[in-house]
Amino acid sequence: ERISAFVVRERDFTGSASHELRTPITVITGAIELLEQGDLSAEDVKALDRIRRATAEMKSTIEMFLCIAREADDGQYGERFLVAPLVDRAVEQQRYLLNGKGVDVEVHVESHATPVVQGHPQAFLIAVTNLVRNAFEHTPAGQGPITVRIRERDLLVTNGCGGDGGGGSSPEGAPASNGYGLGLGIVQRVCERNGWDFSLQV
């Protein structure tokens, strides 16, 4: 009974937190859309772009933590989905981080590979987005290319200063941050929740 009550409390808290966190994001997004309808200078447009990107990242982070905190199975953890479309989406969403760096991004799909993963598709997108963002942020200007290699049974993200890999065996005590920010710790948690392997090589 105590365990059942705990699960109910956790579920209620997650639902309330989800509403409270998403509401201000919705308000900010609506305000951005209203501002876009006015006459804006070039500087105003740049500032609005920064606000839009920051809001999108905040929304992604909120979804990420809620996904990790949600213990109840929402029915999506057993889904089967294609890998490549979500990888392409993650790369395009984070491409702005390379503006002015002169770094190329190469996405390679292994010949005849159409990998399908079983798990939570949003969790997979969260993990890949964090790997891509980490590689983009930690690649100095002119040091490229960054490669994203999709193979039948694994995904490898590599940049000029090291690599972030998905696939293979997770090392004992995989890093929660190690100077690479919160993202890799989140990737590890998401992979553990879905039964995927994650490893990092520096």
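Just so it is clear, the model here is predicted, and its values are computed rather than measured. (Residues numbered from 1 in each chain as written. Predicted model: local features only at pLDDT ≥ 70, side-chain atom pairs only at ≥ 80, totals over all residues. Heavy atoms only, no water.)

Q: When you look at the packing of aromatic side chains in this model, what are you seeing that I'm missing?
A: The relation between two aromatic rings is expressed through the spacing of the ring centres and the mutual angle of the planes. Applying the stated criterion across every chain yields a total of 2 aromatic pairs. Pairing Phe124 with Trp196 gives two aromatic rings, centres 5.6 Å apart and planes at 85 degrees, and the pair type is edge-to-face. Of this pair, Phe124 sits in helix H4 (residues 121–137) while Trp196 sits in the loop between helix H5 (183–194) and strand E7 (198–201), and the two are 72 residues apart along the sequence. Both residues of the pair, Phe124 and Trp196, belong to the buried class. Ring pairing ties together the aromatic residues Phe81, Phe124 and Trp196, which thus form one cluster. (Phe/Tyr/Trp six-rings, centres within 6.5 Å; stacked < 30°, edge-to-face > 60°. Helix = DSSP H or I, 4+ residues; strand = E, 2+ residues; numbered from the N terminus. Buried < 20%, exposed > 50% of the residue type's maximum accessible area, 1.4 Å probe, protein only.)

Q: Even after reading the chapter, I still don't get the nonpolar core, so can you show me in this structure?
A: Burial of nonpolar side chains together is a common tendency in soluble globular proteins. Among the nonpolar cores identified, the biggest contains 34 residues, and Val87, Phe124 and Phe136 are the most heavily contacted of them. When neighbours within four sequence positions are excluded, Phe136 is seen to be in contact with Val91, Gln94, Arg95, Leu97, Leu98, Lys101, Val105 and Ile146. (Core = buried A, V, L, I, M, F, W, Y, C linked by side-chain atoms within 4.5 Å. Contact = heavy atoms within 4.5 Å.)

Q: Sorry, what's going on with the confidence of the model for the chain here?
A: In low-pLDDT regions, the fine details of the predicted coordinates are not to be read closely. For the chain, per-residue confidence averages 79 on the pLDDT scale, and residues scoring 70 or more make up 80% of the total. For the chain, strand E6 (residues 162–166) is the element with the lowest average pLDDT, namely 41, and strand E4 (residues 146–150) is the one with the highest, namely 94. Low pLDDT, under 50, characterises residues 162–180; the stretch is placed with 49 contacts to residues that sit more than four places away or in other chains. (pLDDT = per-residue confidence, 0-100.)

Q: Looking at this model, I keep getting lost on the environment of Gln143. Mind explaining?
A: With respect to the helices and strands, Gln143 occurs in the loop between H4 and E4. With relative accessibility at 38%, the residue Gln143 sits in the partly exposed group. Each C-alpha atom, one on Gln143 and one on Lys101, is 8.4 Å from the other, the two residues being 42 residues apart in sequence.

Q: In this structure, what is going on with unusual backbone geometry? I would like to understand it.
A: Trans peptide bonds make up the majority, and among non-glycine residues the majority have a negative phi. Cis geometry is found at the peptide bond from Gly144 to Pro145, where omega equals 0 degrees. The residue Pro145 is located in the loop between H4 and E4 in this model.

Q: Looking at this structure, I do not really get the pattern of salt bridges. What am I missing?
A: Any two side chains of opposite charge can pair, given that their charged atoms come close. The full count for this structure, using the stated rule, is 4 salt bridges. Its salt-bridge partner being Glu36, residue Arg52 comes within 2.0 Å of it at the nearest N-O pair. With a gap of 16 residues between them, Arg52 in helix H2 (residues 42–69) and Glu36 in helix H1 (residues 2–36) connect regions that are remote in the sequence. Its relative accessible area of 36% is what places Glu36 among the partly exposed residues. One salt bridge in this structure joins Arg52 and Asp49, with 2.6 Å as the shortest N-O distance. Taken as a pair, Arg52 and Asp49 lie in helix H2 at a separation of 3 residues, close to a single helical turn. A single salt-bridge network, built from bridges that share partners, covers Glu36, Asp49 and Arg52. (Salt bridge = Lys/Arg side-chain N within 4 Å of Asp/Glu carboxyl O.)

Q: Honestly, the environment of Ile62 in this entry has me stumped. Any pointers?
A: With respect to the helices, strands and loops of the structure, Ile62 is situated in helix H2. Residues within four places of Ile62 in sequence aside, it is in contact with Leu21 and Ile25.

Q: Sorry, what's going on with H5 here?
A: For the α-helix, the turn length of 3.6 residues means that residues three or four positions removed from each other point alike. In a regular helix each residue adds 1.5 Å, so 12 residues correspond to 16 Å; H5 covers 17 Å between its end C-alpha atoms and thus fits that length. Burial analysis of H5 places 9 of its 12 residues in the buried class, the great majority of the element. Taken as a whole, H5 has its buried residues at Gly183, Leu184, Gly185, Ile186, Val187, Gln188, Val190, Cys191 and Asn194. Gly195, located one to two residues past H5, shows a positive phi value of around 75 degrees. (Expected span 1.5 Å × (residues − 1).)

Q: So what exactly am I meant to see when it comes to the packing of helix H3 (residues 84–94) against H4 here?
A: Contact geometry of H3 with H4 gives a least axis separation of 9 Å together with a crossing angle of 45 degrees. In terms of orientation, H3 and H4 fall into the oblique class. Like other packed secondary-structure pairs, H3 and H4 cross with a definite hand, here right-handed. Between H3, through Leu86, Val87, Arg89, Ala90, Val91, Gln93 and Gln94, and H4, the contact on the second element is made entirely by Pro121, Phe124, Leu125, Val128, Thr129, Val132, Arg133 and Phe136. Residue composition of the contact of H3 with H4, grouped by class: 10 nonpolar, 3 polar and 2 charged. (Axes fitted to C-alpha atoms, helices over the stretch in contact; angles between N-to-C directions. Parallel < 35°, antiparallel > 145°, perpendicular 65-115°, else oblique. Left-handed = near helix turned anticlockwise from the far one by under 90°. Nonpolar A, V, L, I, M, F, W, Y, C, P; charged D, E, K, R; others polar.)

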